[in-house]
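Fold and geometry: a report
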Amino acid sequence: MPETSGLLHASVIFLLTAVLMVPLAKRLKLGAVLGYLLGGVLIGPSVLGLISQPDSISQLSELGVVMLMFIIGLELSPRRLWVMRRAVFGAGLAQVLLTGLVLGVIAWQGFGQGWKAAVIIGFGLALSSTAMGLQLLAERKEMSSPHGRQAFAILLFQDIAAIPLIAMVPALGTAQANSGAGAVQLLQVAASIGLVVIGGRYLLRPLFRIVAKTGLQEVSTATALLVVMGTAYLMEWAHVSMALGAFLAGMLLADSEYRHELESQIEPFKGLLLGLFFIGVGMSADLSLLLEHPVLIVSLALLLLALKLPLLALVGRHIGKLDGMSALKLGLLLAAGGEFAFVLFGLARDNGLFDSQLHSILVLTITLSMALTPLILLALSKVLTQAVASRPVPPEYSDISDNHPRAVIVGMGRMGQIVARVLRAQRIPFVAFETEVDTISITRKIDNIAIFYGDPLRPGVLRSAGAEQAEFFIVATDNPDINLHMTETVRARYPHMKVISRARNRQHVHKLWDLGAMPVRETFHSSLEMCRRVMQGLGLKEEQIEARIRRFREHDEKVLMEQHQFYDDEAAVFQTARQARAELETLFESDHMEQTPKVLLADGHTDAKEKGTR
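Quick caveat: nothing in here was measured; it's all calculated off a predicted structure.

**Things to note about the overall build of the protein chain**
Secondary structure summary: the protein chain contains 29 helices and six strands in total. Looking at the protein chain as a whole, 47% of its 614 residues qualify as buried. Long-range pairs, those at least 24 residues apart, make up 73% of the contacts in the protein chain with a sequence separation of at least 6. By element, 62% of the accessible surface of the protein chain is carried by carbon and sulfur atoms, the whole surface being about 31,000 Å².

**Overview of the packing of helix H25 (residues 506–514) against helix H27 (residues 542–563)**
Two numbers describe how H25 lies on H27: the axes approach to 10 Å, and their chain directions differ by 60 degrees. H27 is crossed by H25, and the crossing has right-handed handedness. Mapping the contact onto sequence places Arg506, Val509, His510 and Trp513 in H25 and Asp556, Val559, Leu560, Met561 and Gln563 in H27. Taken together, the residues of the contact of H25 with H27 break down into five nonpolar, two polar and two charged.

**As for the confidence of the model for the protein chain**
With 83% of its residues at a pLDDT of 70 or more, the protein chain has an overall mean of 78. Here residues 597–614 is modelled with pLDDT under 50, and outside its nearest four sequence neighbours on either side it reaches nine contacts, counting other chains as well.

**As for the sheet that holds strand S2 (residues 430–434)**
With parallel pairing, the six strands of this open sheet are ordered in space as S3-S2-S1-S4-S5-S6. The open sheet has two free edges, formed respectively by strand S3 (451–453) and strand S6 (518–521), since each of these has just one partner strand. Each neighbouring strand pair of the sheet contributes to a mean axis angle of 20 degrees, computed without reference to strand direction. Both S2 and S3 contribute to a ladder of three bridges, which runs parallel.

**A few points about the nonpolar core**
Grouped together as the largest cluster of nonpolar side chains are 116 residues, with contacts concentrated most on Phe70, Ile120, Phe278, Phe345, Phe354 and Met370. No other element matches the 14 residues that helix H8 (residues 146–172) contributes to this core. Among residues more than four places away in sequence, those in contact with Phe70 are Val227, Val228, Ala246, Phe247, Ala249, Gly250, Leu253, Leu262 and Ile266. Residues Val431, Met486, Ala503 and Leu560 belong to the second largest nonpolar core, which totals 22 residues.

**So, helix H7 (residues 130–139)**
What sets the pattern is the α-helix's 3.6 residues per turn: residues three or four places apart point alike. With seven of its ten residues buried, H7 lies for the most part within the structure. All of the buried residues along H7 are Thr130, Ala131, Met132, Gly133, Leu134, Leu136 and Leu137. With a side-chain oxygen positioned 3.0 Å from the backbone nitrogen of Met132, the residue opening H7 is Ser129. Lys141, located one to two residues past H7, shows a positive phi value of around 55 degrees.

**Regarding the pattern of salt bridges**
Between side chains of opposite charge, a pair can form when the charged atoms approach closely. Enumeration according to the criterion identifies nine salt bridges in this entry. The salt bridge partner of Glu522 is Arg502, with a shortest N-O separation of 2.6 Å. Taken together, the positions of Glu522 in the loop between S6 and helix H26 (524–537) and Arg502 in strand S5 (residues 498–503) put the pair 20 residues apart, joining distant regions of the chain. By relative accessible area, which is 23% here, Glu522 ends up partly exposed. As a salt-bridge pair, Glu529 and Arg533 come within 3.0 Å of each other at their nearest N and O atoms. In this pair, Glu529 and Arg533 both sit in helix H26, four residues apart, roughly one turn of the helix. Look at Glu529 and you get partly exposed, because its relative accessible area is 31%. Judged by relative accessible area, Arg533 falls into the exposed class, the value being 56%. Through salt bridges with shared partners, one network takes in Glu529, Arg532, Arg533, Glu542 and Glu546.

**A short note on the packing of aromatic side chains**
In the structure shown here, the tally under the stated rule is three aromatic pairs. Look at Phe524 and Phe552: their rings are 6.5 Å apart centre to centre, the planes differ by 25 degrees, and that puts the pair in the stacked class. In this pair, Phe524 sits in helix H26 while Phe552 sits in helix H27, placing the two residues 28 residues apart along the sequence. For Phe524, a relative accessible area of 11% puts it in the buried group. By relative accessible area, Phe552 is classed as partly exposed at 28%. We note Lys498 situated over the ring of Phe472; from NZ or CZ to the ring centre the distance is 5.5 Å. Its guanidinium or amino end placed over the ring of Phe524, Arg521 lies 3.9 Å from that ring's centre, counting from NZ or CZ.

**What about the side chain of Gln158?**
Residue position: Gln158 is located in helix H8. Excluding residues that lie within four positions of it along the chain, Gln158 makes contacts with Gln95, Val96, Ala126, Leu127 and Ser128.

**Some remarks on the pairing of S6**
In this structure, S5 lies alongside S6, joined through four bridges in parallel fashion. Residue pairing in the sheet places Ser501 in a bridge with Pro519 of S6. On the question of chirality, the crossover connecting S5 to the parallel S6 by way of H25 is right-handed.

**Overview of a nonpolar patch on the surface**
A cluster of nonpolar residues, Leu16, Val19 and Leu20, forms a patch on the protein surface that exposes about 300 Å² of accessible area. Mapped onto the elements, Val19 comes out in helix H1 (residues 7–27). When its relative accessible area of 56% is taken as the criterion, Val19 is described as exposed.

**Observations concerning the pairing of S5**
Inspection of the sheet shows strand S4 (residues 472–475) paired to S5 by four bridges, in the parallel sense. If you follow Val475 over to S5, its bridge partner there is Ser501. Handedness of the S4-helix H24 (residues 480–493)-S5 crossover: right-handed.

**Re empty space enclosed by the protein**
A probe as big as a water molecule, rolled over the atoms, marks out the empty space that is left. Applying the stated rule across the entire model yields two cavities of 30 Å³ or more. What lines the largest cavity is simply Arg140, Glu142, His147, Lys329, Leu333 and Leu377. The residue inventory of the lining of the largest cavity, partitioned by class, reads two nonpolar, one polar and three charged. Counted as a void, the second largest cavity has a volume near 30 Å³. Looking at the lining of the second largest cavity, the elements that each hand over two or more residues are helix H3 (58–75), H7 and H8. Considering every element that reaches the lining of the second largest cavity, the biggest residue donor is H8, with four residues. Considered class by class, the residues forming the lining of the second largest cavity number six nonpolar, one polar and one charged.

Reading the values: rules and limits
- Residues numbered from 1 in each chain as written.
- Predicted model: local features only at pLDDT ≥ 70, side-chain atom pairs only at ≥ 80, totals over all residues.
- Heavy atoms only, no water.
- Helix = DSSP H or I, 4+ residues; strand = E, 2+ residues; numbered from the N terminus.
- Buried < 20%, exposed > 50% of the residue type's maximum accessible area, 1.4 Å probe, protein only.
- Contact = heavy atoms within 4.5 Å.
- Areas by Shrake-Rupley, 256 points an atom, 1.4 Å probe, with all protein chains shown as cover.
- Axes fitted to C-alpha atoms, helices over the stretch in contact; angles between N-to-C directions.
- Left-handed = near helix turned anticlockwise from the far one by under 90°.
- Nonpolar A, V, L, I, M, F, W, Y, C, P; charged D, E, K, R; others polar.
- pLDDT = per-residue confidence, 0-100.
- Pairing = 2+ DSSP bridges.
- Core = buried A, V, L, I, M, F, W, Y, C linked by side-chain atoms within 4.5 Å.
- Polar contact = N/O pair within 3.5 Å; in protein donor to acceptor, adjacent residues only side chain to side chain.
- Salt bridge = Lys/Arg side-chain N within 4 Å of Asp/Glu carboxyl O.
- Phe/Tyr/Trp six-rings, centres within 6.5 Å; stacked < 30°, edge-to-face > 60°.
- Lys NZ or Arg CZ within 6 Å of the ring centre and 35° of its normal.
- Right-handed = clockwise from strand over helix to strand, strands pointing away.
- Patch = residues over 30% accessible without salt bridge, like charges linked within 9 Å, V, L, I, M, F, W, Y side chains within 5 Å.
- 1 Å grid on protein atoms, 1.4 Å probe; cavity = no way out; pocket = protein on both sides within 12 Å on 5 of 7 lines; lining within 4 Å.
- Points joined across faces, edges and corners; volume = space filled by probe spheres on them.

Below you can see the structure in the form of structure tokens.
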């Protein structure tokens with residue numbers, strides 16, 4: 001396929017790569033990041049050559065990271081950043097200094113680099129990939145985990161640290177060291193950051209207020225993109241991290257009334273452009289250099305991972321106060337190189353600190369380390385899961401006091417915690433069990449609830465808690481299969497207990513009924529409350545709302561009971577569901593006809609009179 005310079009050609013290639021490679025990678029359980037990277041390698045000049053000049057789209061691909069940092073800034077107000085100061089400026093600063101010094105000394109003494117180049121290499125390789133780290137955390141649903149929160153804090157500090165590092169390169173470089181350009185560079189940095197801070201505080205809110213009054217969605221989207229891309233342009237002019245400028249702009253708007261609107265406008269572009277960034281990283285990989293020096297490149301990538309991992313784990317363990325397994329996960333997640341190193345090393349090459357071959361080797365090393373990280377996490381996923389399950393539990397979590405509880409709660413997630421708080425407020429004795437050590441730790445710190453580690457179905461656990469004579473057994477885990485198994489076992493082993501079990505859906509309700517439990521649908525009542533709020537907003541009277549919600553609840557429970565007789569027959573269930581929908585509409589119509597005269601009499605007007613007054 002001939003290479004063209006058209007934007008349409010490149011766009012089709014990028015979209016086709018994403019559509020084909022990412023689902024394939026996800027199906028193979030490799031993750032989206034590796035799919036994008038491999039797709040970039042395939043379409044790049046080293047393999048198929050569909051895009052022969054990766055540098056031509058480098059600025060566009062970097063916008064994905066810029067938009068990611070803008071959204072992070074929107075989520076992180078200055079007050080919240082101050083609350084996180086220990087994690088960000090404690091663990092983050094320690095990680096950058098420690099890793100940068102160790103890698104710099106190795107580059108200086110072990111590989112014979114000059115001290116200036118060694119400083120840039122050391123601190124450049126100390127930075128990790130914000131885009132990849134957050135993407136992997138999101139894919140693995142670990143953003144709120146202890147190591148996820150610590151990784152976010154360290155990545156945030158690394159983005160901040162990129163400013164002085166990038167500003168330092170011209171001062172160290174031979175091309176501009178004696179020309180006074182270093183001072184000009186610092187002035188540009190200060191001016192650009194000052195413009196972002198002043199503009200974000202005093203200009204953006206009035207701008208968004210004017211745009212909001214137009215009521216035009218496309219203008220709102222254009223304004224959001226203008227803020228992000230304009231900030232990136234300003235930071236690029238100052239040779240500062242574009243992503244950090246976007247983060248500052250987002251943080252200054254975090255407390256504004258337009259925060260959620262901005263996030264909704266940017267989110268779709270962020271996802272696509274972030275994928276484009278990873279494709280661009282894959283395209284920039286010089287496979288000819290890898291084939292020419294395979295042992296050197298692979299060894300350097302593995303050496304980078306082997307050096308950064310223990311240093312990150314050390315910082316996480318002793319400064320971040322993580323347990324051993326969480327510290328190891330932190331190290332695995334952030335051990336690879338990062339996107340800001342590409343910018344840093346490119347400046348170093350342009351300022352005479354690196355030659356072109358060293359720059360290419362470093363870029364390929366970082367790219368390979370980024371590609372290896374998802375594979376390593378995938379290979380170790382079972383080991384990490386087993387290690388978490390078998391890690392030692394603090395003695396106080398297993399030392400169950402004999403308080404003769406009247407209820408046993410299993411699973412301290414969203415539903416279990418609410419039940420526990422209500423029971424505790426009424427001073428009803430209960431005991432709660434959980435198998436996630438982190439959940440136990442957080443719950444004890446926040447609510448001081450009697451929660452313990454253990455499986456209540458294991459012989460002796462309930463006996464040690466004095467709970468064999470409890471009246472209620474409340475199953476509140478978010479796993480339907482575990483809930484069914486636990487309900488079945490408890491009903492067989494403790495027939496005197498009343499079992500209340502969390503139900504995922506209607507099919508789950510039927511199976512729990514078969515076991516003699518009292519199911520509670522996890523979203524049913526909250527959905528009814530949402531209906532109540534909608535009808536209030538539509539202007540219905542409170543007695544009408546109560547009557548309709550009561551009617552729906554009674555009708556739904558009646559249908560559910562009828563379907564229990566044949567819930568395994570899908571055709572019959574669908575048929576009764578269709579009949580029930582039509583029946584419910586008829587019931588609501590008859591209720592409306594009955595209530596309308598009463599409402600009009602209560603208002604003192606007939607419908608005709610009301611129409612006449614309009």
